[in-house]
Amino acid sequence: MNVISMRRLLALPTWQLLLLFSLFDLLAVFLYGLYTRGILESSFFHLARERGLGETIQYVKQLFVITMLFKWYKVRPARVLSGWIALFILIVVDDSVGIHEEVGKWIEQVWPFPA
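Before going into details, it helps to say that this report is about the structure given with it. From a predicted model like this one, the values you see are computed outputs, not experimental measurements. (Residues numbered from 1 in each chain as written. Predicted model: local features only at pLDDT ≥ 70, side-chain atom pairs only at ≥ 80, totals over all residues. Heavy atoms only, no water.)

Membership of the largest hydrophobic core is limited to 8 residues, which are Leu9, Leu17, Phe21, Phe64, Val65, Leu69, Leu81 and Ile85. Of all the secondary structure elements, the ones that give two or more residues to this core are helix H2 (14-36), helix H3 (53-75) and helix H4 (79-97). With 3 residues, the top contributor of residues to this core is H3. Leucine 81 has contacts with Leu69, Trp72, Tyr73 and Arg76, leaving out every residue within four places of it along the chain. Counting 5 residues, the second-largest nonpolar core is a separate cluster that includes Ala28, Leu31, Phe45 and Leu53. (Core = buried A, V, L, I, M, F, W, Y, C linked by side-chain atoms within 4.5 Å. Buried < 20%, exposed > 50% of the residue type's maximum accessible area, 1.4 Å probe, protein only. Helix = DSSP H or I, 4+ residues; strand = E, 2+ residues; numbered from the N terminus. Contact = heavy atoms within 4.5 Å.)

Okay, structure coming up:
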């Protein structure tokens, strides 16, 4: 089995990476369509499901971007890259742990807003 290495993926032109990411998203939408028609029974394929296929694909894409930014930073260190790396790490951690949901619940208790 021929496995594509991370080094080889990082060497791809930007348009090919964008195409690859888009194909993963289209695959998720296609599998969701099969789920809604009853062909796939697992709710894992529902796009809005927490820890489902859509979220898993998003994590893979975000971690790939972080890896690319780290590689770029090693070649050409810059403070702006440090900021982007920190932002993407924060996004992955927030998505995986659900920080914004918990902060939102806390804010709702402290400052109740009318519906």
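Still more to cover.
Turning our attention to unusual backbone geometry. Positive phi, normally seen in glycine, also occurs at arginine 51, with a value near 60°. Tracing the chain through its elements places arginine 51 in the loop between H2 and H3. Accessibility expressed as a relative area gives 43% for arginine 51, which makes it partly exposed.

On to the side chain of glutamine 62, then. Tracing the backbone shows glutamine 62 in helix H3. Excluding anything up to four places from it in sequence, glutamine 62 contacts Ile91, Val92 and Asp95.

What follows covers the side chain of glutamate 55. Examined against the element boundaries, glutamate 55 turns out to sit in helix H3. Since its relative accessible area comes to 15%, glutamate 55 is described here as buried. Within the structure, the side chain of glutamate 55 is placed 2.7 Å from the side chain of arginine 51, a separation counted as a polar contact. Excluding residues within four positions of it along the chain, glutamate 55 makes contact with Arg49, Glu50 and Asp95. (Polar contact = N/O pair within 3.5 Å; in protein donor to acceptor, adjacent residues only side chain to side chain.)

In this section: the pattern of salt bridges. Considering all chains together, one arrives at 3 salt bridges under this definition. We note a salt bridge from aspartate 25 to lysine 61, for which the minimum N-O separation is 2.7 Å. Residue aspartate 25 is located in helix H2, and its partner lysine 61 is located in helix H3; the two are separated by 36 residues in the primary sequence. Here lysine 105 makes a salt bridge to glutamate 102, at a shortest N to O gap of 3.5 Å. One end of the pair is lysine 105 and the other is glutamate 102, both in helix H5 (residues 99-110) and 3 residues apart, which spans about a single turn. For lysine 105, a relative accessible area of 46% gives the class partly exposed. (Salt bridge = Lys/Arg side-chain N within 4 Å of Asp/Glu carboxyl O.)

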